[in-house]
Amino acid sequence: SGKFFVGGNWKCNGTKDSISKLVTELNAATLEPDVDVVVAPPFIYIDQVKNSLTDRIEVSAQNVWIGKGGAYTGEISAEQLVDIGCQWVILGHSERRHIIGEDDQFIGKKAAYALSQNVKVIACIGELLEEREAGKTFDVCFKQMKAFADSITNWADVVIAYEPVWAIGTGKVATPEQAQEVHAAVRDWLKTNVSPEVASSIRIIYGGSVNAANCAELAKKEDIDGFLVGGASLKGPDFATIINSVT
Ligand code: 13P
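We now turn to the structure provided with this report. Please read all numbers here as calculations on a predicted model, not as lab measurements. (Residues numbered from 1 in each chain as written. Predicted model: local features only at pLDDT ≥ 70, side-chain atom pairs only at ≥ 80, totals over all residues. Heavy atoms only, no water.)

## Examining the pattern of salt bridges
Put simply, the test is: Salt bridges, as used here, are contacts in which a Lys or Arg side-chain nitrogen is within 4 Å of a carboxyl oxygen on Asp or Glu. A helix here means a DSSP run of H or I that spans at least four residues, while a strand means a run of E at least two residues long, and both kinds are numbered starting from the N terminus. Only protein chains enter the accessibility calculation, which uses a 1.4 Å probe; a residue whose area is less than 20% of its type maximum is buried, one above 50% is exposed, and one in between is partly exposed.
Evaluated as defined, the whole model comprises 14 salt bridges. Residues Lys21 and Glu25 are paired through a salt bridge, measuring 3.5 Å at the closest nitrogen-oxygen approach. Taken together, the residues span about one helical turn, with Lys21 and Glu25 both in helix H1 (residues 16-28) at a distance of 4 residues. Using a relative accessible area of 55% as the deciding quantity, one classes Lys21 as exposed. The partly exposed category is assigned to Glu25, whose relative accessible area is 26%. A salt bridge links Arg132 to Glu127; the shortest N-O distance between them is 2.8 Å. Among the ionic contacts, a cluster of salt bridges with common partners joins Lys3, Asp36 and Arg203.

Pasting the structure below:
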């Protein structure tokens, strides 16, 4: 539902030179018009990317502070993102949940504050391998969704990214059926717990080892509205192929 959405999460990768090369590739790529495209460089390169990348592609941060800026050493505020023209932020990524230790409530509050400043949110959810194997995939995803829903009112500026942790950076992509099953369940959860309108209009995108070879099969599934891409988003031509997998 909604316009196909493809995000590139560059994570903690890149140099001024490698990013300049990637931007040149993206500027040269032919992209399907009916797709929203967003890339998320590390904070310190956002300005470089904003100033060199075609306006066809929007720019996202990978994190943001929970509230208004001030005495918070090392943090970046939503107001500062707006100041440099950055309109998106990725929140709740599994690397921030499981490596850095951000919890559901903290992430939910970050989302609410970012939205209050008109920064749009890519809200990530997803289960660990042991949770999937224990049959807890839906429980985990719904719990993460509830924390977002407890804080978010403006769902029009939210994209949900389902990223099973076992598929991230592992080369073990979810099957189209596995992804579709969770996307449909999350949409159903939204219908019951938020509203039928939000459930039907929101984009639910898939992330985890998406590449130029496996994107087309995934894109065919009814409830897969796009992708959040890590490794393959660092290669311009591969990222373009994924964008152009829109059905
Ligand atoms: P990979 O595409 O490298 O598996 O990463 C997915 C991801 O975490 C995007 O946010």
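Don't stop here, the text continues.
## Topic: the packing of helix H7 (residues 137-151) against helix H8 (residues 176-193)
To keep things clear, this is the line we draw: Here the axes come from fitting lines to C-alpha atoms, over the contacting stretch only for helices, and the angles between their N-to-C directions go from 0 to 180 degrees. Working rule for angles: under 35 degrees goes down as roughly parallel, over 145 as roughly antiparallel, 65 to 115 as roughly perpendicular, anything else as oblique. Take the far helix as your reference; a near helix turned counterclockwise from it by less than a right angle gives a left-handed crossing, and one turned clockwise gives a right-handed crossing. Note on definitions: a residue-residue contact is assigned when non-hydrogen atoms from the two residues lie within 4.5 Å. Classes in brief: Ala, Val, Leu, Ile, Met, Phe, Trp, Tyr, Cys and Pro nonpolar; Asp, Glu, Lys and Arg charged; the others, Gly included, polar.
Remark: H7 packs on H8, axes separated minimally by 10 Å, with the N-to-C direction vectors making an angle of 40°. It follows that H7 is oblique to H8 by the angle criterion. Seen from above, H7 lies across H8 with right-handed handedness. Residue-level contacts link Thr137, Phe138, Cys141, Phe142, Met145, Lys146 and Ala149 of H7 to Glu181, Val182, Ala185, Val186, Trp189 and Leu190 of H8. Across the contact of H7 with H8, the residue classes break down as 10 nonpolar, 1 polar and 2 charged.

## Here's the deal with the site of the ligand
Selection criterion: Whether a residue is near a molecule or strand depends on its heavy atoms: it is near if one of them lies within 4 Å of it. We call two N or O atoms a polar contact when they sit within 3.5 Å, provided that within protein one can donate a hydrogen and the other can accept it, with sequence-adjacent residues counted only if both atoms are side-chain atoms. Throughout, the Shrake-Rupley method with a 1.4 Å probe supplies accessible areas, and for residues the shown protein chains are the sole cover considered.
In the vicinity of the ligand lie 13 residues, with Lys11, His93, Gly169, Ser209 and Gly230 positioned nearest. For the ligand, an oxygen atom lies 2.8 Å from a polar atom in the backbone of Ser209. Backbone polar atom of Gly230 to an oxygen atom of the ligand: 2.8 Å apart, as the coordinates give it. The protein chains hide 94% of the 310 Å² of surface that the ligand would expose on its own. Partitioned by chemical class, the residues of the shell around the ligand number 4 nonpolar, 7 polar and 2 charged.

## What to know about the nonpolar core
Across soluble globular proteins, nonpolar side chains show a tendency to be buried alongside one another. Rules: Here, nonpolar core refers to any group of buried Ala, Val, Leu, Ile, Met, Phe, Trp, Tyr and Cys residues whose side-chain atoms link them within 4.5 Å.
The biggest cluster of nonpolar side chains holds 66 residues, and the ones touching the most others in it are Val6, Val89, Trp155, Ile160, Leu190, Tyr206 and Phe227. In contact with Phe227, not counting residues within four places along its chain, are Phe4, Phe5, Val6, Gly7, Ile205, Tyr206, Val210, Cys215, Leu218, Ala219, Ile242 and Ser245. By size, the runner-up hydrophobic cluster in this structure holds 11 residues, among which are Phe5, Ala40, Cys124 and Leu228.

## Examining the pairing of strand S3 (residues 58-61)
Basically, it comes down to this: Strands qualify as paired when DSSP identifies two bridges or more between them. The handedness of a crossover follows from its direction of travel: if, with the strands pointing away from the viewer, the path from the first strand over the helix to the second runs clockwise, the crossover is right-handed.
Note that strand S2 (residues 35-40) and S3 share 2 bridges and pair parallel. Paired with Val39 across the bridge in S3 is Val59. The handedness of the S2 to S3 crossover, carried by helix H2 (residues 43-52), is right-handed.

Interpretation note: all reported values are geometric properties and have no functional meaning in isolation.
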